[in-house]
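# Secondary and tertiary structure notes
Residue strings, one per chain:
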Amino acid sequence: MRVTLDWLRDFVELDDDTARIASDLTTAGLEVEGVEALGAQPDGVVVAEVLTVERHPNADRLSVCTVDDGVARHQVVCGAPNVKAGIRAPFARLGATLPDGKKIGAAELRGVKSHGMLCSARELGLTDDVNGLLLLDADAPVGTSIVDHLRLADASFEINVTANRGDCFSVLGIARELAAKRGSDLREPTPAVATPAIDDRVPVTLSAGAAAPVFVGRAMRGLALGRRTPLWMKERLRRAGLRPIQPIVDVTNYVMLELGQPLHAYDLNKLDGAIDVRLATRHEKLTLLDGRALELDADMLVIADGRGAVGLAGVMGGQSTAVSDTTADVFLEAAFFAPHAIAGRARRLGMHTDASMRFERGVDPAAQRRAIERATELLHAICGGRSGPLTVAERHGDVPSRPAVSLRRQRLYSLLGLEVPDIRVTELLARLGMRVESREEGWHVTPPSFRFDVTIEIGRAHV
């Protein structure tokens, strides 16, 4: 699991001491395998607006631009194919130093003077993309240092999350452990609950019993076409190891990384009637998003509509209902699939996905509503549109519960070799989301819904 310092700071107060953060995580049981500084930090590069663009008089592939850097206007010769009036892009002033050590001075290109340089992502050391200038958001503040605007003073932590800690395959999960370790406050995300503006619903049936007991969805219509994913979101995805694609897909990936809940978006107009979460029929066919054509086994969970399987549950969606750049209406899905129903299916098909990794280890069966609301909030902010009411299908008797676990005071002492005050024990457990009740011999501790690993008192089997 790769998580960045900048993203963690959304949830817990942290300084710049990455060595201490790594130590805190490792001693909390989350081994940090590496820490990497992210984003080179150029000197003298700022947000600028391109005011005018004219063809270079002596070169067809060059443009002569007027650039406003918040202090003055500059004449700049630019060869990027995507330069045009009105865009905002990184601008290296005269005297600036780029990450590769290149210093920017006045130049003359084909007889026209150029005072500074408009920059691509590659020239800033962000990616190898050479398709043109790095286009900043339309509201990027002109004159602001690009280091500050893109939060380039960032670092990533590569964390070896053990298989029993599915709750830590998210930024929130890692932040929770840091907050508990440091005695800091955890800022739990509380997305706004969307007010329905349309009444569109997609009926959902749960036919797979305990394998798929929770499914939450929402229809959204009228998402604006042609919108771009905000640069801040693209950067967070890129730094976490995912390639930005387009707003709908990027939002589902973002929420998965942030909250640990995989989501899927269907093109609403490609769905045929109601959804049924069921086991595949033997030799049922499905073509996945990546174009792979499968013949399914009878123990594989699928999401099906009136025509048949449209997704391999917990692994990957199907091509027939995929969203695209022309999708304006979507149906969002956040579900709980039992680990035993997902484990091994992706590997059997020679696959490994971010979703299957999380479902195999256990996602929070109480987190689906929050994930849908968060995705709705982000999509509205990027693409506008109107959202419908939540569709909630739940088999209450099949949703995992977390029974209380006894923790004896004497057992705690025998393991630690020291006495911990009762109030301190209660405080530490509460910081990890546990509900604690005092008993004469110690405590009864009820784990939160996301802690699949807390089932018995430590060493109980050997006592």
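Keep in mind that what you see is a predicted model, and the values were worked out from it rather than measured. (Residues numbered from 1 in each chain as written. Predicted model: local features only at pLDDT ≥ 70, side-chain atom pairs only at ≥ 80, totals over all residues. Heavy atoms only, no water.)

Another point: helix α2 (residues 18-27). Of the residues making up α2, those classed as buried are Ile21, Ala22, Asp24 and Leu25. All buried residues of α2 fall inside an arc of 160 degrees around its axis, so they share one side. Along α2, exposed side chains directed more than 90 degrees from the buried face belong to Ala19 and Thr27. In this structure, the buried residues of α2 make contact with α1 (5-8), β2 (31-38), β10 (154-160) and α4 (171-182). Positive phi appears at Gly29, one or two residues downstream of α2, with a value of about 100 degrees. (Buried < 20%, exposed > 50% of the residue type's maximum accessible area, 1.4 Å probe, protein only. Helix = DSSP H or I, 4+ residues; strand = E, 2+ residues; numbered from the N terminus. Arc of directions from axis to C-beta. Contact = heavy atoms within 4.5 Å.)

Attention shifts here to the pairing of strand β13 (residues 264-267). Of the two faces of β13, both are covered, the one formed by His264 and Tyr266 as well as the one formed by Ala265 and Asp267. Where β13 lies against strand β20 (residues 330-336), four bridges are found, and the strand directions are antiparallel. Bridging from a neighbouring strand, His264 pairs with Glu333 of β20. (Pairing = 2+ DSSP bridges.)

On the surface, a cluster of nonpolar side chains totalling about 380 Å² of accessible area is made up of Leu415, Leu416, Leu418 and Ile458. Relative to the helices and strands, Leu418 resides in the loop between α11 (409-416) and α12 (422-431). (Patch = residues over 30% accessible without salt bridge, like charges linked within 9 Å, V, L, I, M, F, W, Y side chains within 5 Å. Areas by Shrake-Rupley, 256 points an atom, 1.4 Å probe, with all protein chains shown as cover. Salt bridge = Lys/Arg side-chain N within 4 Å of Asp/Glu carboxyl O.)

Before going further, it helps to spend a moment on the sheet that holds strand β11 (residues 204-206). Within the open sheet, the five strands sit side by side as β11-β14-β17-β18-β19. Their pairing is mixed. The open sheet has two edge strands with one neighbour each: β11 and β19 (316-317). Looking at chain direction, strand β17 (residues 301-305) and strand β18 (residues 308-312) are connected through four bridges and run antiparallel. Counted as the bridge partner of Ile303 is Gly311 from β18.

Looking now at unusual backbone geometry. Of all residues except glycine, most have a negative phi; of all peptide bonds, most are trans. Positive phi outside glycine occurs at Arg110, with the angle close to 50 degrees. Following the sequence through the fold, Arg110 ends up in the loop between β7 (107-109) and β8 (112-114). For Arg110, a relative accessible area of 56% puts it in the exposed group.

Side chains of a nonpolar character, in soluble globular proteins, are inclined to be buried together. Within the largest apolar cluster, 81 residues are counted, with the highest numbers of intra-cluster contacts made by Phe215, Val277, Leu301 and Phe337. Those residues in contact with Phe337, other than ones at most four positions away along the chain, are Ala211, Ala212, Val277, Leu301, Ile303, Ala313, Gly314, Ile342 and Phe359. Val45, Val47, Leu124 and Ile146 belong to the second-largest nonpolar core, a separate cluster that totals 19 residues. (Core = buried A, V, L, I, M, F, W, Y, C linked by side-chain atoms within 4.5 Å.)

What follows concerns the environment of Asp24. Turning to its location among the elements, Asp24 is positioned in helix α2. By relative accessible area, Asp24 is classed as buried at 11%. Apart from the residues within four sequence positions on either side, Asp24 is in contact with Leu178, Lys181 and Arg182.

Our next topic: the packing of helix α6 (residues 247-259) against helix α10 (residues 368-383). In a packed pair of helices, the relevant descriptors are the angle between the two axes and the axis-to-axis distance. It is at 10 Å that the axes of α6 and α10 come closest, and there the two elements cross at 140 degrees. As judged from the angle between their axes, α6 and α10 are oblique. For the element pair α6 and α10, the recorded crossing hand is right-handed. Residues Pro247, Ile248, Val251, Tyr254, Val255, Glu258 and Leu259 of α6 form the contact with α10, whose own contacting residues are Arg370, Ala371, Arg374, Ala375, Leu378, Leu379, Ile382 and Cys383. Class assignment for the residues of the contact of α6 with α10 results in twelve nonpolar, no polar and three charged. (Axes fitted to C-alpha atoms, helices over the stretch in contact; angles between N-to-C directions. Parallel < 35°, antiparallel > 145°, perpendicular 65-115°, else oblique. Left-handed = near helix turned anticlockwise from the far one by under 90°. Nonpolar A, V, L, I, M, F, W, Y, C, P; charged D, E, K, R; others polar.)

Quick look at the packing of aromatic side chains now. Each pair of aromatic rings is reported with the distance of its centres and the angle of its planes. Scanning all chains against the criterion turns up six aromatic pairs. The structure contains a cluster of three or more aromatic residues connected by ring pairs, namely Trp7, Trp232 and Tyr254. Over the ring of Phe450 we find Arg176, and its NZ or CZ is 3.9 Å from the ring centre. (Phe/Tyr/Trp six-rings, centres within 6.5 Å; stacked < 30°, edge-to-face > 60°. Lys NZ or Arg CZ within 6 Å of the ring centre and 35° of its normal.)

Let us now look at the pattern of salt bridges. Any two side chains of opposite charge can pair, so long as their charged atoms come close to each other. Inspection of every chain in the model, using the stated rule, returns 44 salt bridges. A salt bridge links Arg307 to Asp272, with the shortest nitrogen-to-oxygen separation between them at 3.9 Å. Here Arg307, found in the loop between β17 and β18, pairs with Asp272, found in the loop between β13 and β14 (275-279); they are 35 residues apart in sequence, far enough to count as distant. For Arg307, a relative accessible area of 58% corresponds to the exposed category.

For the rest of this paragraph, the subject is the pairing of strand β5 (residues 73-78). In this structure, strand β4 (residues 59-68) lies alongside β5, joined through six bridges in antiparallel fashion. Looking across to β5, one finds that Cys65 is bridged to Val76. The antiparallel hairpin formed by β4 and β5 contains four residues in its connecting segment, where Gly70 sits at a positive phi of about 90 degrees.

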